[in-house]
Amino acid sequence: MGESSQDFELGAQLQGHEKACRCACVLTDGRIATGALDEHVLVWKKSEDGSWLEDKRMHYHTDYVYCLAASSNGGFYSGAKDKTIYRMDAEGSPMLQFEGHEGPVCSVQEAGMELISGSWDGTARVWDLESGLVKYTLAAGNHAVCVATLPTGEVVTGSQAKAIKIWRGEECINTVEEAHADIIRSFAVHTSCFATCSNDTTVKLWTLDGIPVGTFNGHSTFVFDVSFSEDGKYVFSCGDDKGLKIWKKEDYGLTCEQTVLHSSSVWGCVPLPNGDVLSCCQDGVARIWTRDPARMAPEAERQAHEQMAQMAIAEESSRSGGAIPMDNVTDISEMPRTVGKKNGEIKMFKDKGSVWAYTWNGRYWDCVGEVTGSAKQKVAFEGDDYFKAGEYDYVFDVDLSGDAAVGGGRMAKLPFNDGGNVMVTAQNFVAREKLHISYLNQIMDFIRANAVGDKPAPVLGSEAAAPPPKPSAPSQPAAPPAAASKHFPVLEVLLDRAGKPDVVVNKLIELNGQFPDDFAGKMNPTETTYLPILAGKLMMKDRDEIRMCEREVLWLKLKENWPQDKMFPVYDLLRFYLLHRNSSELFKGNGRTAHIAAAIDAMGKDINGPLGLCAARFLVNVFAQPTPKYAAYDRRQLVIPAFESLHVSTNAKVRQAGATGLLNMSVTVAEKPAEVEGKAQLIGAIATMLKVETEAEAQYRLLGALGTAVVKDTSGAVKTACGASGINELLAKFSGAEDRLKQASADILKLL
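Let me begin by describing the structure that accompanies this report. Predicted model only: the values in this text are computed from it and were never measured.

So, how was this worked out
- Residues numbered from 1 in each chain as written.
- Predicted model: local features only at pLDDT ≥ 70, side-chain atom pairs only at ≥ 80, totals over all residues.
- Heavy atoms only, no water.
- Helix = DSSP H or I, 4+ residues; strand = E, 2+ residues; numbered from the N terminus.
- Contact = heavy atoms within 4.5 Å.
- Areas by Shrake-Rupley, 256 points an atom, 1.4 Å probe, with all protein chains shown as cover.
- Pairing = 2+ DSSP bridges.
- Axes fitted to C-alpha atoms, helices over the stretch in contact; angles between N-to-C directions.
- Salt bridge = Lys/Arg side-chain N within 4 Å of Asp/Glu carboxyl O.
- Buried < 20%, exposed > 50% of the residue type's maximum accessible area, 1.4 Å probe, protein only.
- Polar contact = N/O pair within 3.5 Å; in protein donor to acceptor, adjacent residues only side chain to side chain.

Overview of the overall build of the chain
In step 1: The secondary structure content of the chain amounts to 17 helices and 37 strands.
In step 2: Taking all contacts inside the chain whose residues are at least 6 apart in sequence as the whole, residues at least 24 apart take part in 51%.
In step 3: When the accessible area of the chain is evaluated, it comes to approximately 31,300 Å², of which 50% is carbon and sulfur surface.

Next comes the structure, spelled out in structure tokens:
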């Protein structure tokens with residue numbers, strides 16, 4: 001980052017996450033990866049015109065994504081609350097899964113041929129990148145552990161124990177007790193020093209051997225992240241006070257040059273190679289800040305964000321009775337030299353300990369009034385998992401009209417405070433009510449239009465929804481319009497959980513008794529005891545770890561040796577096994593798609609019988625866990641035709657499994673915006689099955705697969721394939737079908 005007197009201003013807003021954006025990293029090719037509490041990792045690519053576009057969307061974690069780190073292979077690592085770490089390649093496909101932490105993973109970093117990770121279990125672990133196995137564990141402290149590697153090759157850790165520990169291999173060579181007064185949240189390392197940040201509101205600098213250099217105050221509450229600019233001349237820090245601070249580094253001192261305000265907490269700050277910096281925000285948006293005028297966002301967008309941030313801080317301070325951070329507000333003495341950027345701009349100025357709001361009239365600033373608390377009557381809300389209990393300025397009654405089977409036909413409470421974050425509130429409401437994300441903008445528009453007093457209830461999903469009000473009638477509420485379809489896009493894969501594993505095990509033991517003693521696949525008495533234990537684990541809600549002996553008797557002895565006529569219960573138990581998280585281990589390495597190919601082969605040998613059905617259901621459940629799901633995606637050129645081939649089966653359950661498989665593949669392919677060939681192949685397979693399918697449930701799943709592909713199509717490949725496959729003609733036959741088929745097909749036709 002070169003010297004510049006220009007302040008950082010908004011450059012771009014990367015909007016794609018549905019919940020708080022918690023982390024980010026820059027990949028070797030310049031793309032940016034972001035992780036969030038919506039369990040997703042998004043990869044962003046810069047287009048030719050300089051704008052940032054979503055390149056890939058990945059959902060392989062089952063809980064909050066807390067940390068990301070770039071990999072030397074062009075991909076990245078991700079750690080999550082689900083206690084796992086994934087190594088992804090440059091295309092966004094899992095290469096390796098690291099399992100062993102007993103708590104959420106909150107910090108990761110690659111170091112040569114090793115991976116260093118920190119967890120809420122109080123440990124740091126050093127992993128071998130080739131095998132994915134733990135080499136050794138470091139007792140780093142208590143609860144959440146953050147990690148970094150020093151230029152010396154040593155590892156540094158911090159935790160809730162407030163101590164910094166420096167490690168050389170497995171040996172702790174230095175401990176700095178009470179390095180901070182509260183939990184250490186993050187490290188930033190440069191060539192001659194490292195920085196730390198903490199919930200004690202400070203940023204500190206240290207020599208590489210752990211000698212303190214300086215403590216720097218500026219944040220008013222928890223500091224979540226710290227980082228160095230690429231050239232080491234600046235330090236960035238961010239935290240719960242909604243500020244991203246830019247510190248000028250001179251020798252071993254830091255001077256705060258600028259505070260960039262946000263409308264909500266800032267969880268991460270990541271320097272970019274060109275001198276810009278990215279912030280990860282509670283509102284789900286990752287924002288790029290730049291000093292280069294050529295990379296700045298349009299003035300209107302910059303001004304809108306600045307006003308939103310200032311008012312959010314003012315309103316929060318008013319509601320809490322606290323003081324507005326004075327270092328974030330312009331002194332009133334600067335007013336004569338401060339020119340508004342457009343009429344109506346709102347800006348705060350501080351005057352003798354008070355904060356006043358002014359509006360620009362084109363020539364000078366008009367005083368609106370002092371920023372103080374509101375005397376409005378509050379409304380009590382009992383609270384839930386998404387909204388805290390307490391008093392709110394508004395508690396709207398939202399009528400979720402429509403089919404009760406899909407969540408309609410009920411009233412829902414929507415609490416909101418004036419000055420609150422509209423996007424976060426809408427996201428929480430959508431998540432709580434399990435609505436499709438397409439409702440997000442509608443809810444946001446409703447809140448903005450109605451947070452001015454008592455208003456009638458909005459109606460979601462209603463065909464009779466009131467039209468938006470005219471500008472001349474601001475007292476009328478804006479009712480969100482109906483969504484494009486209540487039938488799609490389908491966001492989660494559909495799995496086959498029917499039946500009980502213990503019943504299948506009893507059948508396996510019965511068949512095992514029919515084999516001669518010299519048969520290689522016959523289980524001995526000890527091995528027959530493993531299967532009931534395995535069945536018990538597969539039926540348990542918490543899903544205990546599966547032992548190697550239990551796995552091998554099923555996957556190696558039975559699957560590899562039993563004859564075709566007795567193989568169907570083997571695949572039926574394997575179907576349940578795929579629902580267990582341990583199944584990922586079987587889909588790693590060079591042979592990670594071998595089980596998929598074997599199931600396709602078995603399915604083709606008995607397409608109308610029990611083996612064909614069980615193998616087809618096995619393939620449906622391959623999509624249950626991230627690693628096997630992406631193995632199936634990698635072999636989509638084989639898997640899609642396999643599901644398509646089931647259209648000739650005389651067994652309706654087999655055909656339904658084929659339809660479900662295509663639905664799951666559609667959900668998976670939808671996560672890959674750049675995928676073209678696979679989408680065209682998918683549409684062709686759906687068309688083939690729609691031509692002959694007569695069972696309503698299978699038809700509905702096929703329409704779900706088709707609708708999902710159409711809605712998620714950004715390249716135009718799906719619409720082109722639909723035209724080539726005669727989809728319009730196939731959909732027309734549903735005009736006289738049952739309601740759900742008729743509605744879904746009509747919705748797809750509208751989209752096409």
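Some details on the sheet that holds strand 20 (residues 202–207)
Strand pairs in the sheet, formed through backbone hydrogen bonds, run parallel or antiparallel to each other.
In step 1: With antiparallel pairing, the four strands of this open sheet are ordered in space as 18-19-20-21. Looking at the sheet topology across the chains shown, the edges are occupied by strand 18 (184–189) and strand 21 (212–217). The average undirected angle you get between the axes of adjacent strands in this sheet is 20 degrees.
In step 2: As paired elements, strand 20 and strand 21 share five bridges and run antiparallel to each other. Its bridge partner lying in strand 21, threonine 202 is registered against asparagine 217.

Digging into the pattern of salt bridges
In step 1: Tallying each qualifying case throughout the model produces 30 salt bridges.
In step 2: Linking lysine 605 and aspartate 601 is a salt bridge whose minimum nitrogen-to-oxygen distance equals 3.1 Å. Taken as a pair, lysine 605 and aspartate 601 lie in helix 8 (residues 594–605) at a separation of four residues, close to a single helical turn.
In step 3: A relative accessible area of 49% means that lysine 605 is categorised as partly exposed.

Overview of the side chain of glutamine 258
In step 1: Counting through the fold element by element, glutamine 258 comes out in strand 25 (residues 253–261).
In step 2: The class of glutamine 258 is buried, set by a relative accessible area of 12%.
In step 3: Polar side-chain contacts of glutamine 258 include one of 2.8 Å to the backbone nitrogen of phenylalanine 8.

Structural notes on unusual backbone geometry
In step 1: Look at the link from phenylalanine 488 to proline 489: it is a cis peptide, with omega at 5 degrees.
In step 2: Here proline 489 is to be found in the loop between strand 37 (459–460) and helix 4 (501–512).
In step 3: With phi around 50 degrees, glutamate 178 is a residue other than glycine that occupies positive phi space.
In step 4: Its place among the elements puts glutamate 178 in the loop between strand 17 (171–176) and strand 18.
In step 5: Here the phi dihedral of lysine 242 falls at roughly 70 degrees; this positive angle occurs in a residue that is not glycine.
In step 6: Looking at where lysine 242 falls in the secondary structure, it is placed in the loop between strand 23 (234–239) and strand 24 (243–250).

Quick word on the sheet that holds strand 11 (residues 114–119)
In step 1: If you walk across this open sheet you meet the four strands as 10-11-12-13, and the pairing is antiparallel. Every interior strand has two partners, whereas the edge strands, strand 10 (105–111) and strand 13 (134–139), have only one. Neighbour-to-neighbour, the strand axes of the sheet open up by a mean angle of 20 degrees, direction not taken into account.

Re the pairing of strand 22 (residues 223–228)
Moving residue by residue along a regular strand, the side chains alternate between the two faces of the sheet.
In step 1: Burial analysis of strand 22 places six of its six residues in the buried class, the great majority of the element.
In step 2: Of the pairings in the sheet, the one linking strand 22 to strand 23 comprises five bridges and is antiparallel in character. Across the sheet, the residue bridging to aspartate 225 is cysteine 238, located in strand 23.
In step 3: In sequence, strand 22 turns back onto strand 23 through a hairpin of five residues, with glycine 232 there showing a positive phi of about 80 degrees.

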